[in-house]
Amino acid sequence: MSGWNYVVTAQKPTNVTHSCVGYFTNPQELNLIIAKCTRIEIHLLTASGLQSMLDVPLYGRIATLELFRPPGESQDVLFISFERYKFCVLQWDAETGSPITRAMGDVSDRTGRPTDNGQIGIVDPDCRLIGLHLYDGMFKVIPIDNKGQLKEAFNIRLEELQVLDIKFLYGCANPTIAVLYQDNKDARHVKTYEVNLKEKDFGEGPWLQNNLDNGAGLLIPVPLPLGGAIIIGEQTIVYYNGSVFKAIPIRPSITKAYGRVDSDGSRYLLSDHNGMLYLLVISHDKERVSALNVEPLGETSAASTLSYLDNGVVFVGSSYGDSQLIRLNHQADVKGSYVEVLESFVNLGPIVDLCVVDLERQGQGQVVTCSGAFKDGSLRIVRNGIGINEQASVELQGIKGMWSLRASSSDVYDTFLVVSFISETRILAMNTDDELEETEIDGFDSEAQTLFCHNAVHDQLVQVTAGSLRLVNAKTRKQLTEWKAPAPMTINVATANASQVLLATGGGNLVYIEIGQGTLTGVAHSQLEYEISCLDINPVGENPERSNLVAVGMWTDISVRIFALPSLTLINKEMLGGEIIPRSVLFCSFDGLAYLLCAVGDGHLFNFMLNPSTGELSDRKKISLGTQPIALRTFRSKNTTHVFAASDRPTVIYSSNKKLLYSNVNLKEVNHMCPFNSASFPDSLAIGKEGELTIGTIDDIQKLHIRTVPLGERPCRIAHQEQSRSFAICSAKYSQGPNNEDIETHYVRLIEDQTFEITSGFALDLYEIGCSIITCSFTDDSNVYYCVGTAYALPEESEPTKGRILVFLVEDGKLQLVAEKEMKGAVYNLNAFNGKLLAGINQKIALYKWTLRDGTRVLEIESSHHGHILALYVQSRGDFIVVGDLMKSISLLIYKK
């Protein structure tokens, strides 16, 4: 039987297409609702900022999103239409804390040409109907009755075929739409229609406005008392309501989004294609508009949607860059901008190309994407794993172990961080200024290396050093009693929980001690035949303070043994095999199941299912986490216990659906780790690396880790070259010409693959764009080259008739052009093919060999294959070539020498 493919979404959509603000979840609480392709996110506006409430997946790509309030109701409901002509109305259910579907339906027609300018979905301000423009020449109406129920939809024929925008006007006795359209002479006009629900037809509207700005593309209906509409063009802004006409010229730009600031419609935010934010102010005397003004505010991401929240805070949703939460300040900053970015939300889209590279050479691939467009273009490095966000760090050499302690058993937060070195122990604590400073616990031996310490019952602390086991009063910090190993023995390995201590002294001696109030009682002793390498006594049964089992890792026979407490009788012995000793054992429970984890010195980890009552081990599994010894520790995050495996490839072990999963951490090498849940850094981890101690918070478990490298230009193709440790990208830079026209220049850029700095660039000719890029080597040549395929996109040509193949060599971090060859068409793709170069050029596939002519290397055609329409995609394997054509589907070719 053939294998199955398991396809799963690694990253939810991040591209924000729509947003709206209203009272959806509560009549008193304002919500921001964001549409991201196939999901909606519901946020709550609080005094401290945006608070995420819910992320709802929907079956379909969202085309329009509108909040409206049905008659007689105190909360808004949400109307969503989808690209495949379905729609739904969602309502918040306070009991379940989730949205429920109030109405749904299909609004597709059997005939009709889908609109070129995108679907339009609008709701009448007085909630009498929902209007949809889905097909050219048709306006679909869904009536709403006075109880807020939707009635049967019907179509009304629309004379205007090239519709650019439709909006409902405010304050009309009958529902009235304004239609912005383009006629067959490319002139643009606005016409209004009354919607007659009884007759199911249009009536003549109150006004029309002909011959607008050629770039007019957006209608903004103005609420009462003013009424009318604003028409946004590329060079002018017009206000008209049938009697008052006001127009002002603006700097040439294409307005992409608007957001209303005031409920009476006297101020609007506008965002253009370059991400410039403007404030449009309508001056009026409550009844009559006297003037329009446009003020530039500053720069944001290129917006696809704007939502004004409150107190000068605006949500800027973007499809081309990161979405932002911004504040508009009263005073401009030094750059003259009124915009202050409060928060950015990562957006990976639009991804036009990507490559998978193992940048850290740790065997884990990372995806490097060409993301964004125009000035928001960037490279995104996406890796699967968990991010540790550094909160504080201090230089400390030679850390041998770390433990966190609470000042009292009843405390919620940890106070002390005990850091052990080869001949001393230091105790750090948080002071009132949220800084780590050194402190003392008088009862602790600070002149020796700590092997283990822990909070114990009756408000006590235990510390184990090579010489003794000390019990200390947590409140007075004074020593209560001490247990010393019988001379000449020393303690080698130790572990403890709140009421029990287990020690291994030299010669295979295992000692079990119980902690009382001010007492340490030796309960049992066992003499084993080999030395002990690691111990664990973490409780996994019913009692969180006592364990009935102990795990012991052994030298010599390379085994892990389970003993019963308090008698220390052997109940299980598991041979691990191999020659590498176990370095860390740990009892833990995930999802109510008990496990024993055992890590050996070469980076392998064994996990066993554990029966807590009998000590039986089953379901043995082995996994490689790295190449260095692993230290296992439990920690809590979001009220769930996880395990941190510290090694050269630190990993978090967690459970999902009763399966153990392993997720990499974005740190190079971690030697020691302990949870440090302090008041200033809740749910944090203390991490000991080479020469430094870091306190960090941990991201959501199992989350993609995304790093952004802003380019300020649009990357469209990318390739990686292992030999030169570099990336090469084809990119497009947009700039303003002397007459405010947009100028587009294309480049090939070289980027260092560790720092992501641009080290070299090669400018392409005027109208020349990069279509493809690969790294390849040729027969009889030891060098590795970057090959770039280009096309000349001349304005008068519908399809390129000219292009080039450029061959670059990387020398001293710079791109050197070694060879170029002109082509009769666009080089849509390139492939390394058996030491030669395979190119898809317009309708043909051509194979080039790398020959030496007069001492220089040149590309020479060897063979070609015609008969395609446009060979957009080419892949090869061995002598086989697969061609993906624009119109002729897939062809399979074979190369014969």
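Since we're looking at a predicted model, the values are computed, not measured.

Asks: I'm lost on the UniProt feature "domain: RSE1/DDB1/CPSF1 second beta-propeller" (unreviewed entry) in the protein chain in this one. Help?
Replies: Here the UniProt feature "domain: RSE1/DDB1/CPSF1 second beta-propeller" (unreviewed entry) sits at residues 389-698. In residues 389-698, helix accounts for 0% and strand for 58%; the two terminal C-alpha atoms are 6 Å from one another.

Asks: Please explain the UniProt feature "domain: RSE1/DDB1/CPSF1 C-terminal" (unreviewed entry) in the protein chain as it appears in this structure.
Replies: UniProt feature "domain: RSE1/DDB1/CPSF1 C-terminal" (unreviewed entry): in the numbering of this structure it lies at residues 747-896. The span residues 747-896 shows a helical share of 0% and a strand share of 67%, and its end C-alpha atoms are spaced 36 Å apart.

Asks: Mind showing me how you'd approach the packing of aromatic side chains here?
Replies: Geometrically, a pair of aromatic rings is defined through the distance of the ring centres and the angle of the planes. Applying the stated rule across the entire model yields 21 aromatic pairs. Look at phenylalanine 139 and phenylalanine 202: their rings are 5.8 Å apart centre to centre, the planes differ by 40°, and that puts the pair in the tilted class. In this pair, phenylalanine 139 sits in strand β11 (residues 138-143) while phenylalanine 202 sits in strand β16 (residues 201-209), placing the two residues 63 residues apart along the sequence. Each of the two residues, phenylalanine 139 as well as phenylalanine 202, counts as buried. On the numbers, 6.3 Å between centres and 65° between planes, the contact of tyrosine 258 with tyrosine 268 is edge-to-face. Of the two residues, tyrosine 258 is situated in strand β21 (residues 255-260) and tyrosine 268 in strand β22 (residues 267-272); the sequence distance between them amounts to ten residues. Three or more aromatic residues joined by ring pairs form one cluster here, namely Phe139, Tyr193 and Phe202. The cationic tip of arginine 426 hangs over the ring face of phenylalanine 421; the distance from NZ or CZ to the ring centre is 5.3 Å. Sitting over the face of the ring of tyrosine 747, arginine 749 holds its NZ or CZ atom 4.0 Å from the ring centroid.

Asks: How do you make sense of the domain arrangement of the protein chain when you look at a structure like this?
Replies: A common way to report how large an interface is uses the accessible area buried once the components associate. With domains assigned, the protein chain is organised as domain 1 (17-106), domain 2 (107-212), domain 3 (351-361 + 707-894) and domain 4 (397-579 + 607-624 + 674-700). Computed over C-alpha atoms only, the centres of domain 1 and domain 2 are separated by 23 Å. With 19 residues of domain 1 in contact, the opposing surface of domain 2 contributes 20 residues. Counting the surface lost from both domain 1 and domain 2, the interface buries some 1500 Å², and carbon and sulfur atoms represent 66% of this. Per-residue buried area on domain 1 facing domain 2 is highest for Phe68, Pro71 and Tyr85; these three make up 39% of the total on that side. Scanning the region where domain 1 abuts domain 2 turns up zero salt bridges.

Asks: I keep staring at the sheet that holds strand β27 (residues 323-328) and nothing clicks. Help me out?
Replies: Ordered by their spatial adjacency, four strands build an open sheet running β25-β26-β27-β28, and the pairing between neighbours is antiparallel. Two strands lie at the open edges of the sheet, namely β25 (305-310) and β28 (339-345), each paired on one side alone. Put simply, the sheet's adjacent strands are angled 25° from each other on average, direction ignored. Bridge count for strand β26 (residues 313-317) against β27 is four bridges, and the pairing is antiparallel. Within β27, the residue paired with valine 314 across the bridge is isoleucine 326.

Asks: What should I look at first to understand the pairing of β25 in this one?
Replies: The two faces of the sheet receive side chains in turn, since in a regular strand these alternate between them. Bridge count for β25 against β26 is five bridges, and the pairing is antiparallel. Looking at the pairing, aspartate 310 lines up with valine 313 of β26. Counted between consecutive antiparallel strands, the loop separating β25 from β26 contains two residues, among which asparagine 311 sits at a positive phi close to 50°.

Asks: I would appreciate a short explanation of the pattern of salt bridges in the present structure.
Replies: Pairing of side chains with opposite charge becomes possible as their charged atoms draw close. This model, assessed by the stated rule, comprises 41 salt bridges. Lysine 573 is paired through a salt bridge with aspartate 557; the nearest N and O atoms lie 3.7 Å apart. In this pair, lysine 573 is assigned in strand β48 (residues 569-575) and aspartate 557 in the loop between β46 (549-554) and β47 (559-564), connecting sequence segments 16 residues apart. Arginine 725 is paired through a salt bridge with aspartate 753; the nearest N and O atoms lie 3.2 Å apart. Taken together, the residues span a long stretch of sequence, with arginine 725 in the loop between β61 (714-721) and β62 (726-736) and aspartate 753 in the loop between β63 (742-752) and β64 (758-763) at a distance of 28 residues. Among the residues examined, aspartate 753 registers a relative accessible area of 2% and is labelled buried. Here the salt bridges share partners, and the residues they tie into one network are Glu529, Asp557, Arg561 and Lys573.

Asks: What should I look at first to understand the sheet that holds strand β43 (residues 509-515) in this one?
Replies: In any sheet, the strands associate via hydrogen bonds between backbone groups, in a parallel or an antiparallel arrangement. Taken in spatial order, the four strands of this open sheet run β41-β42-β43-β44, and their pairing is antiparallel. Edge positions in the open sheet fall to β41 (491-496) and β44 (520-527), since each of these has one partner strand only. The sheet shows a mean angle of 20° between the axes of neighbouring strands, direction not considered. Where strand β42 (residues 500-505) meets β43, six bridges bridge the pair, whose relative direction is antiparallel. Counted as the bridge partner of threonine 505 is asparagine 509 from β43.

Asks: How should the nonpolar core be read in this particular structure?
Replies: Side chains of nonpolar character tend, in soluble globular proteins, to be buried together. Residues Phe444, Leu469, Trp483 and Leu503 are the most contacted members of the largest nonpolar core, which totals 31 residues. Excluding residues that lie within four positions of it along the chain, tryptophan 483 makes contacts with Ser468, Leu469, Ile491, Leu503, Val511, Ile513 and Leu520.

Rules of the game
- Residues numbered from 1 in each chain as written.
- Predicted model: local features only at pLDDT ≥ 70, side-chain atom pairs only at ≥ 80, totals over all residues.
- Heavy atoms only, no water.
- UniProt positions renumbered as here; feature names shortened; annotations may be inferred.
- Helix = DSSP H or I, 4+ residues; strand = E, 2+ residues; numbered from the N terminus.
- Phe/Tyr/Trp six-rings, centres within 6.5 Å; stacked < 30°, edge-to-face > 60°.
- Buried < 20%, exposed > 50% of the residue type's maximum accessible area, 1.4 Å probe, protein only.
- Lys NZ or Arg CZ within 6 Å of the ring centre and 35° of its normal.
- Domains from an automatic or database assignment.
- Contact = heavy atoms within 4.5 Å.
- Buried area = accessible area lost by both parts, 1.4 Å probe.
- Salt bridge = Lys/Arg side-chain N within 4 Å of Asp/Glu carboxyl O.
- Pairing = 2+ DSSP bridges.
- Axes fitted to C-alpha atoms, helices over the stretch in contact; angles between N-to-C directions.
- Core = buried A, V, L, I, M, F, W, Y, C linked by side-chain atoms within 4.5 Å.

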